[in-house]
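As a plain string of letters, each chain reads:
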Amino acid sequence: MAGKGLAVITGGSSGIGYQLARIAVEEGHALVICAHGEELEQAAEQLRRLGGEVEAVRADLSTRQGVEALWAHLEGREIELFFANAGLALGDPFVEQRWEDIAERIDLNVKQTTSMIHRVGRVMRVQGRGRILVTGSIAGQVPGPYNAVYNATKAYVNGLAWGLSDEFRETGVTITCLMPGPVDTPIYDKGLKGTLLHDMPKRDAAMVAREGWDAMMAGKVDVVPGPESKLVSLFSGVTPKAITTRLHELGAKRRE
Ligand SMILES: NC(=O)c1ccc[n+]([C@@H]2O[C@H](COP(=O)([O-])OP(=O)(O)OC[C@H]3O[C@@H](n4cnc5c(N)ncnc54)[C@H](OP(=O)(O)O)[C@@H]3O)[C@@H](O)[C@H]2O)c1
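Computed from a predicted model, the values in this text were never measured in an experiment. (Residues numbered from 1 in each chain as written. Predicted model: local features only at pLDDT ≥ 70, side-chain atom pairs only at ≥ 80, totals over all residues. Heavy atoms only, no water.)

Undergrad: Tell me about the overall build of the chain, and please be specific about residues and values.
TA: Each helix and strand in the chain was counted, giving ten helices and seven strands. In terms of C-alpha radius of gyration, the chain reaches 17 Å, essentially the compact-globule figure of 18 Å for 256 residues. Once local pairs closer than 6 in sequence are excluded, the contacts in the chain between residues at least 24 apart make up 68%. A total of about 12,100 Å² of accessible surface is found on the chain, and carbon and sulfur atoms cover 55% of it. Separation of charge centres in the chain, based on 29 positive and 32 negative side chains, amounts to 2 Å. (Helix = DSSP H or I, 4+ residues; strand = E, 2+ residues; numbered from the N terminus. Rg over C-alpha atoms; globule rule 2.2 N^0.38 Å. Contact = heavy atoms within 4.5 Å. Areas by Shrake-Rupley, 256 points an atom, 1.4 Å probe, with all protein chains shown as cover. Lys, Arg positive; Asp, Glu negative; His and termini not counted. Charge placed at Lys NZ, Arg CZ, Asp CG, Glu CD.)

Take a look at the structure:
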């Protein structure tokens, strides 16, 4: 039975978000999960079968109306844990992408993610406690040809979390940035089909979620799950851009 306060997870219907939701249930938190596809209710049902007290809010978090709908659902409630996790990639050459798709990624990954952190930050500051986990990416540390908008949005998310983790010091609120490398989730089917990144072996989403959860609970500024991704992250700052750019192109450019 849930007894440890409310956990709210955006993008909780699949991938990393679903695995974070599973841990929240196992740890005894009541849960609100949010996503905009029809798989959400099925995910909520699976989590209930694990013993969770789970509410599902179906909303498009790339829009202000969607964020308002989630917030209306949470109105007046204390929030113990908040996971700003929903996000989407977008492969293919930049000028061949539809502007509507680019704008949707920026609205979801950047604008509305920031708006939700702003709101939950205020709620938690009043409470004098709370933990936030933001899903950034090591993609935000390297140039991202053929997924450039996504990488740029993740650079923003990483940077926002780093800055806020310091600002929130002494408020009782912590913010941690989860920065995975490639993880085995449906995100590659949605935005990167036909690429090496889509087909290569990737880290298990449950392991990534566990590392993110533990880092958040320890109040860390950030965490890069897995030894390979830790190495990439470590060397991304000192490797010449000419090399990191070519490596990214190799992974993200659609093969003929
Ligand atoms: N997989 C990786 O290699 C990797 C690496 C680094 C960082 N990340 C980040 O991890 C986070 C989770 O992605 P994932 O890999 O776990 O992929 P995923 O399985 O596709 O999960 C994305 C989640 O976000 C939800 N979502 C997408 N668009 C939404 C919208 N407009 N409104 C509300 N919810 C929306 C999805 O549900 P619906 O589509 O049904 O709405 C789903 O629940 C993302 O921020 C991603 O950038 C992933």
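Further notes follow.
Undergrad: Give a description of helix H9 (residues 227-236) that names residues and reports values.
TA: Given 3.6 residues per helical turn, the α-helix brings residues three or four places apart onto the same face. Along H9, the residues that are buried comprise Ser229, Ser233 and Ser236. Along H9, the residues classed as buried sweep out an arc of 70° about the axis, all on the same side. The exposed set on the far side of H9, more than 90 degrees from its buried face, consists of Pro227 and Leu234. (Buried < 20%, exposed > 50% of the residue type's maximum accessible area, 1.4 Å probe, protein only. Arc of directions from axis to C-beta.)

Undergrad: Break down the pairing of strand E6 (residues 173-178) for me, with residues and values.
TA: Consecutive residues of a regular strand have side chains that alternate between opposite faces of the sheet. By the criterion of burial, E6 is predominantly enclosed, with six of the six residues buried. Of the two faces of E6, the one lined by Val173, Ile175 and Cys177 and the one lined by Thr174, Thr176 and Leu178 are each fully buried. Of the strand pairs in this sheet, strand E5 (residues 130-135) and E6 are connected by six bridges, and their pairing is parallel. Each bridged residue has a counterpart across the sheet, and for Leu133 the counterpart in E6 is Thr176. This β-α-β element, E5 to helix H5 (residues 148-167) to E6, shows right-handed connectivity. (Pairing = 2+ DSSP bridges. Right-handed = clockwise from strand over helix to strand, strands pointing away.)

Undergrad: Residue-level account of the nonpolar core, with values.
TA: In terms of nonpolar packing, the biggest core is built from 35 residues, with Leu61, Leu70, Phe82 and Ile132 touching the most fellow members. Put simply, the parts of the chain that give this core at least two residues each are strand E1 (6-10), strand E2 (30-35), helix H3 (64-74), strand E4 (81-84), helix H4 (99-127), E5, H5 and E6. Here the element with the most residues in this core is H4; it accounts for five residues. With residues up to four places along the chain from it excluded, the contact list for Phe82 reads Val8, Thr10, Trp71, Met116, Val120, Met124, Arg131, Ile132 and Leu133. (Core = buried A, V, L, I, M, F, W, Y, C linked by side-chain atoms within 4.5 Å.)

Undergrad: Report on the packing of aromatic side chains, specifying residues and quantitative values.
TA: To describe a pair of aromatic rings, one takes the distance between the centres and the angle between the planes. Scanning all chains against the criterion turns up two aromatic pairs. A ring pair is formed by Phe83 and Trp213, whose centres lie 5.8 Å apart and whose planes are at 15°; its orientation type is stacked. Here Phe83, found in strand E4, pairs with Trp213, found in helix H8 (residues 205-217); they are 130 residues apart in sequence, far enough to count as distant. Among the residues examined, Trp213 registers a relative accessible area of 2% and is labelled buried. Cation over ring: Lys202 sits above Tyr188, and NZ or CZ is 4.5 Å from the ring centre. (Phe/Tyr/Trp six-rings, centres within 6.5 Å; stacked < 30°, edge-to-face > 60°. Lys NZ or Arg CZ within 6 Å of the ring centre and 35° of its normal.)

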